[in-house]
Amino acid sequence: MTTARELIVEADGGSRGNPGPAGYGAVVLDPVTGETLAEAAEYIGVATNNVAEYKGLVAGLTAARALFPDATVHVRMDSKLVVEQMSGRWKIKHPDMKPLAAEAGRVFPAGRVRYEWIPRELNKHADRLANEAMDAGKQGRQWEPSGSTAALDAVAARNAAALPPSGPPGDATAGAARARAALATRTSGASSGDFEAEAGAAAPTGHAARVLAPTAPTAAVPAEPSATAAAPAGSAAPRQGWAGPDMGAPATFVLLRHGETALTPEKRFSGSGGTDPELSAAGLRQAEAVAAALAARGTIQEIVSSPLTRCRQTAAAVAARLGLDVQVERGLRETDFGAWEGLTFGEVRERYPRDLDDWLASPKAAPTGGGESFAAVARRVAATRDRLTAAHAGRTVLLVTHVTPIKTLVRLALGAPPESLFKMELSAASISAVAYYADGNASVRLLNDTSHLR
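Residues numbered from 1 in each chain as written. Predicted model: local features only at pLDDT ≥ 70, side-chain atom pairs only at ≥ 80, totals over all residues. Heavy atoms only, no water.

K.L.:
Give me the lowdown on the packing of aromatic side chains, citing residues and values where you can.
P.N.:
For the structure on display, the rule yields eight aromatic pairs. Plain terms: the ring middles of Phe374 and Phe422 are 5.8 Å apart, the flat faces sit at 65° to each other, and that makes the pair edge-to-face. Of this pair, Phe374 sits in helix H11 (residues 374-391) while Phe422 sits in the loop between helix H12 (403-414) and strand S11 (431-436), and the two are 48 residues apart along the sequence. Classification of Phe422 by relative accessible area gives partly exposed; the value is 40%. Linked through ring pairs, Phe269, Phe337, Trp340, Trp359, Phe374 and Phe422 together constitute an aromatic cluster. (Phe/Tyr/Trp six-rings, centres within 6.5 Å; stacked < 30°, edge-to-face > 60°. Helix = DSSP H or I, 4+ residues; strand = E, 2+ residues; numbered from the N terminus. Buried < 20%, exposed > 50% of the residue type's maximum accessible area, 1.4 Å probe, protein only.)

K.L.:
Explain the sheet that holds strand S8 (residues 302-305) residue by residue, including any values.
P.N.:
Through backbone hydrogen bonds, the strands of a sheet pair up, either in parallel or in antiparallel fashion. The six strands lie next to each other as S9-S8-S10-S7-S11-S12, forming an open sheet whose pairing is mixed. What marks the edges here is a single partner per strand, and that holds for strand S9 (326-328) and strand S12 (442-449). Across the sheet, the mean angle from the axis of one strand to that of its neighbour is 20°, orientation sign disregarded. Bridge count for S8 against S9 is three bridges, and the pairing is parallel. Its bridge partner being in S9, Val304 is matched across the sheet by Gln327. (Pairing = 2+ DSSP bridges. Axes fitted to C-alpha atoms, helices over the stretch in contact; angles between N-to-C directions.)

K.L.:
Pulling in residues and values, what's your account of the pattern of salt bridges?
P.N.:
Counted by the stated rule, this structure contains 16 salt bridges. Here Asp30 ties to Arg5 by a salt bridge, and the two come within 2.4 Å at their closest N and O atoms. Separated by 25 residues along the polypeptide, Asp30 in the loop between strand S2 (20-29) and strand S3 (36-47) and Arg5 in the segment before strand S1 (6-15) bring together distant segments of the chain. Looking at Asp30, the relative accessible area reads 12%, which means it is buried. Judged by its relative accessible area of 27%, Arg5 is partly exposed. Of the charged contacts in the structure, one is a salt bridge between Arg268 and Glu347, with a shortest N-O distance of 3.0 Å. In this pair, Arg268 is assigned in the loop between strand S7 (251-257) and helix H7 (281-297) and Glu347 in helix H9 (residues 345-351), connecting sequence segments 79 residues apart. Note on Arg268: relative accessible area 25%, which makes it partly exposed. (Salt bridge = Lys/Arg side-chain N within 4 Å of Asp/Glu carboxyl O.)

K.L.:
Please provide a residue-by-residue account of the confidence of the model for the protein, values included.
P.N.:
Within the protein, residue pLDDT values average 81, and 78% of them lie at 70 or more. A low-confidence stretch, residues 159-207 stays under pLDDT 50, and its non-local contacts, those more than four residues away or across chains, total 118 contacts. The low-confidence segment residues 213-246, where pLDDT is below 50, has 65 contacts with residues more than four positions distant or belonging to other chains. (pLDDT = per-residue confidence, 0-100. Contact = heavy atoms within 4.5 Å.)

Structural data, given as structure tokens:
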């Protein structure tokens, strides 16, 4: 005989390509002890993120009903789309989502299920199961419960989260650890776009699942909230500190500097007012390397590029791997360096010493010959950022651009002074990342990663 009780269901799904090879994971938890009661996962073939997320929800609810048919269920997911649609606050427009939502709604009476959005960092158990399912599918098999380490990984993550912070709020070491953990979550293979996309073909129905024997109780520990940064220009001042409201999934910009041109190794000024050089042979190799790395991560949902040739070539290499189109955004172009285009720093120092000194001393000073000041670039980049964050809320977007726009985005996210532009290193074909939240807060998650080039 079953006993009426409350259960927690956490579910997730992902697609490596969106649509692409997809899988889901779901876990049923005891709300008091955090004990894992059941797990389910399945590789579903080619599908979108949203299809996989809905199938994960159905599997989680089904596993909960098999345990306790009379239970009340608290569903927690990092898909804003699924949570809002199943809560009845958003309409279900996509024809492929309607039958999946209806199937989920039939598992338990509506009054016995409530839905809550949680950050992806708090949905690691289900996320890990989804990735295990996709990994199995890549090897031509289905997920097997006996080979799963998701429950152990979840316990380890909770134990790590329980450690006391090593410094005051905003401490650099603690912040870096949170950033690495957040990035590791985002790059584990599954993409979690909360938007309705074209659904791919689904694989055969049925999923692998397991019910786990009771283990030692593990108290659920809330994740440490991330530090906040300055608000974008023109937005309301964000709430500072760690207790701000949950504003949903951020718009995450993966910032890719283009590959090398003939001017790059010589460190010549190469902006938007010069010759618009193409990628060199080395730059083309770098573009292919970063494309392979981003394809392996599987998290990019859209690509936006500067109009300059070197960025469009780099973006094209990534787009070919991911099967995505490239949007061109003029606001992502490099600074116009005026008469300095094509010159080295030493040559500018020799020819235009006073103008160079003024430029180094003030962000309002423009390069010789009517170039663009850093203040003007900041205004342009901030306006571009605001347009893109509004258009891509909840999505992970690759921005293929240049040194100054990337440094400017990072500087604005950190609330750092203009002179910080001279204190950042950005290598050719390097990757950085910034997440933007609806309340105006931003989180710098990565800077100048070149590991894919080694």
